[in-house]
Amino acid sequence: MNTTPVIAIHGGAGTIAAVAPNSASAQPYRDALHAIVAAAQAALLRGASALDAVCLAVEMLEDCPLFNAGHGAVFTHDETHELDAAVMNGADRRAGAVAGVSRIRRPVHAARAVMEDGAHVLLAGAGAEAFARQWGLEMVEPSYFSTEARRQQLMQALATDRVALDHDGPPLVEGSKFGTVGAVALDMHGHLAAATSTGGMTNKRVGRIGDSPLIGAGTYADDATAAVSCTGSGEMFMRVVAAYDVCARMRYAGQTLQEATDAVVLQSLPAIGGRGGLIAVDRLGNLCLPFNTEGMYRAHARGAEAPHTAIHR
Ligand code: ASP
């Protein structure tokens, strides 16, 4: 009891070309990040678990059309939506995830249900949707996820034949590259948790699954080390097993959170062309939010201190 709680959230990384620092266009993102991190902070201060806090933050990010998860998710090449999400509880390393779903309103709830159910860790496609229905989760028509801005991004990506990360800039418009959302938290009881949710990458091939729902790649939490949620070019995050590598470096090499996250984001990922960033908190409450792109939508709050939001470096 009585650890100072810490919460951090991200809304994706990229060049963020259309959102100039301190510009009016940045304000809606800042407002959304601030409101969401403040809600999770308040929950933690009331004694909520890290698991509940990251799920709350991610469900709010999923509902916000500015970010590429839930409502506002990007389109696949075939103009459909396929969403991925994961959650992990650091205290006992239970984890749950769903991949390639298009009818579950809040995929993070389905990931949580898979974890609570306990029989499996990752469910995909129609089976994941049937499971969510059985659990009484809110289901929607796939068109619920569509927004006009995302459709424009797909049209641009199709024109240039690119698979794009939300929030990268020209030749794709703002928001067309990495926009995955995630949260990590340390609660009053000293426990860690992480959650990630995404529509994936604009113009991705149908059936493509990214790093976000893969435990160890895009999402990981272990009370012995850290909680990590990633955003970026998923294929490279999978190849370096990014989230787990942060924890492994701390555990086996004795690296600090800062050393471990810098090594992954500034060395291992760029070495294979990986772009993006991550948010991570360790069991002592240290927080690192490194990225190798121009920006990453992010916010954090420690104890009862006022939340910080940032987009650019
Ligand atoms: N990492 C996500 C994916 O590859 C994309 C993102 O972070 O925006 O599916």
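In what follows, the structure referred to is the one given above.
Residue numbering note: each chain is counted from 1, following its sequence as written. Local features in this predicted model are restricted to residues whose pLDDT is 70 or higher, and side-chain atom pairs enter the listing and the counts only when it is 80 or higher, whereas totals over whole chains, interfaces and linings include all residues. Hydrogens are left out, water is left out, and the side-chain values use all remaining heavy atoms of the structure.

Engineer: Just to check I follow, could you spell out the sheet that holds strand β8 (residues 226–232) for this structure?
Structural biologist: In any sheet, the strands associate via hydrogen bonds between backbone groups, in a parallel or an antiparallel arrangement. If you trace the 4 strands from one edge of the open sheet to the other, you get β7-β8-β9-β10, paired in antiparallel fashion. With partners counted over all chains shown, the strands left at the sheet margins are β7 (219–221) and β10 (287–288), one partner each. Here the rule is simple: two strands pair whenever DSSP picks up at least two bridges between them. Numbering of helices and strands runs from the N terminus, with a helix taken as a DSSP run of H or I at least four residues long and a strand as a DSSP run of E at least two residues long. Two elements, β7 and β8, share 3 bridges in a ladder whose sense is antiparallel. The residue of β8 that forms the bridge with threonine 219 is serine 229. Residue contacts follow a heavy-atom distance rule, with two residues in contact if any of their heavy atoms lie within 4.5 Å. Simply put, an axis is a line fit to the C-alpha atoms, just over the touching stretch for a helix, and the angle between two N-to-C directions goes from 0 to 180 degrees. Strands β7, β8 and β9 (276–282) of the sheet are contacted by helix α7 (residues 242–253), whose axis makes an angle of about 145 degrees with β8.

Engineer: What am I meant to see in the nonpolar core here?
Structural biologist: Across soluble globular proteins, you tend to see nonpolar side chains buried next to one another. Membership of the largest hydrophobic core comes to 52 residues, with the highest contact counts inside it found for Ile7, Ile9, Phe67 and Tyr297. If one sorts the elements of this core by residue count, helix α2 (residues 50–63) sits on top with 8 residues. Setting aside residues no more than four positions away along its own chain, isoleucine 7 makes contact with Val37, Ala40, Gln41, Leu44, Ala53, Val184, Ala185, Ala299, His300 and Ala301. Listed in part, the 40 residues of the second largest apolar core include Ala13, Ala227, Val265 and Ala280. In these notes, a set of buried Ala, Val, Leu, Ile, Met, Phe, Trp, Tyr and Cys residues joined through side-chain atoms within 4.5 Å is what counts as a nonpolar core. Burial status follows relative accessibility: with a 1.4 Å probe on protein chains alone, a residue under 20% of its type maximum counts as buried, one over 50% as exposed, and anything between as partly exposed.

Engineer: Would you explain a nonpolar patch on the surface in this entry?
Structural biologist: Patch definition: residues above 30% relative accessible area lacking any salt bridge, with like charges linked at up to 9 Å and the nonpolar side chains Val, Leu, Ile, Met, Phe, Trp and Tyr linked at up to 5 Å. Here the Shrake-Rupley method, with its probe set to 1.4 Å, supplies the accessible areas, and only the displayed protein chains count as covering residues. Whenever Lys or Arg places a side-chain nitrogen within 4 Å of a carboxyl oxygen from Asp or Glu, that contact is recorded as a salt bridge. A cluster of nonpolar side chains, namely Val121, Leu122 and Ile215, defines an oily patch on the protein surface of about 210 Å² accessible area. Residue position: isoleucine 215 is located in the loop between β6 (192–198) and β7. For isoleucine 215, a relative accessible area of 30% gives the class partly exposed.

Engineer: Please explain the packing of aromatic side chains as it appears in this structure.
Structural biologist: For any two aromatic rings, the description comes down to two numbers: the centre-to-centre distance and the angle of the planes. Stacked, tilted and edge-to-face pairs are distinguished by plane angle, under 30 degrees for stacked and over 60 for edge-to-face with tilted covering the rest, among Phe, Tyr and Trp rings (Trp via its six-membered ring) whose centres lie within 6.5 Å. Taken as a whole and assessed by the stated rule, the structure comprises 6 aromatic pairs. Between tyrosine 144 and phenylalanine 145, the ring centres sit 5.2 Å apart and the planes meet at 75 degrees, which makes this aromatic pair edge-to-face. Looking at tyrosine 144, the relative accessible area reads 22%, which means it is partly exposed. Given a relative accessible area of 0%, phenylalanine 145 falls into the buried group. Seen in terms of ring centroids, tyrosine 220 and tyrosine 244 are 5.0 Å apart; in terms of plane orientation they differ by 80 degrees. Their pairing is edge-to-face.

Engineer: Before we go on, may I ask you to explain the site of the ligand in this structure?
Structural biologist: Near the ligand you find Phe178, Gly179, Thr180, Gly200, Met201, Arg208, Gly210, Asp211, Ser212, Thr231, Gly232 and Gly234, and these make up its full shell. Distance and chemistry together define a polar contact, namely a pair of N or O atoms within 3.5 Å, with one atom able to donate a hydrogen and the other to accept it when in protein, and with adjacent residues in sequence counting only for side-chain atoms on both sides. Arginine 208 is positioned such that a nitrogen or oxygen atom in its side chain is 2.7 Å from an oxygen atom of the ligand. Threonine 231 is positioned such that a nitrogen or oxygen atom in its side chain is 2.7 Å from an oxygen atom of the ligand. Calculation on the ligand without its partners gives an accessible area of 270 Å², and the protein chains cover 100% of this total. Taken together, the residues of the shell around the ligand sort by class into 2 nonpolar, 8 polar and 2 charged. The nearness test applies per residue and asks whether one of its heavy atoms lies within 4 Å of the molecule or strand. When residues are sorted by character, Ala, Val, Leu, Ile, Met, Phe, Trp, Tyr, Cys and Pro go into the nonpolar class, Asp, Glu, Lys and Arg into the charged class, and all the rest, Gly among them, into the polar class.

Engineer: Sorry if this is basic, but what is going on with the environment of alanine 227 here?
Structural biologist: Inspection of the secondary structure assignment puts alanine 227 in strand β8. Spatially, the C-alpha atom of alanine 227 lies 25 Å from that of isoleucine 16, the residues being 211 residues apart in sequence. Not counting chain neighbours up to four residues away, the residues in contact with alanine 227 comprise Val184, Leu192, Ala193, Ala194, Tyr220, Ala221, Ile279, Ala280 and Val281.

Engineer: What is the right way to look at unusual backbone geometry in this model?
Structural biologist: For residues besides glycine, phi is generally negative; the peptide bonds are generally trans as well. Here glutamate 79, not a glycine, exhibits a phi torsion of approximately 65 degrees, which is positive. On the secondary structure map, glutamate 79 appears in the loop between α2 and β2 (83–89). With a relative accessible area of 38%, glutamate 79 lands in the partly exposed category.

Engineer: Looking at this model, I keep getting lost on the pattern of salt bridges. Mind explaining?
Structural biologist: Oppositely charged side chains can pair when the atoms bearing their charge come close. Evaluated as defined, the whole model comprises 13 salt bridges. For arginine 112, the salt bridge goes to aspartate 52, with nearest N and O atoms at 2.9 Å. Linking arginine 112 in helix α3 (residues 107–117) with aspartate 52 in helix α2, this pair joins segments that are 60 residues apart in sequence. Using a relative accessible area of 36% as the deciding quantity, one classes aspartate 52 as partly exposed. Arginine 94 serves as the salt-bridge partner of glutamate 116, at 3.3 Å between the closest nitrogen and oxygen. One end of the pair, glutamate 116, is in helix α3; the other, arginine 94, is in strand β3 (residues 94–101), with 22 residues separating them in the sequence. Its relative accessible area of 35% is what places glutamate 116 among the partly exposed residues.

Engineer: Could you clarify how one ought to interpret α2 in this entry?
Structural biologist: Note that an α-helix has 3.6 residues per turn; residues three or four places apart therefore point the same way. In this analysis, the expected span of each helix is defined as 1.5 Å times one less than the number of residues it contains. Look at α2: 20 Å from first C-alpha to last across 14 residues, which is about the 20 Å you get at 1.5 Å a residue. Summarising the contacts, the buried residues of α2 are in contact with β1 (6–14), α1 (27–45), β2, α3, β5 (181–186) and β6.

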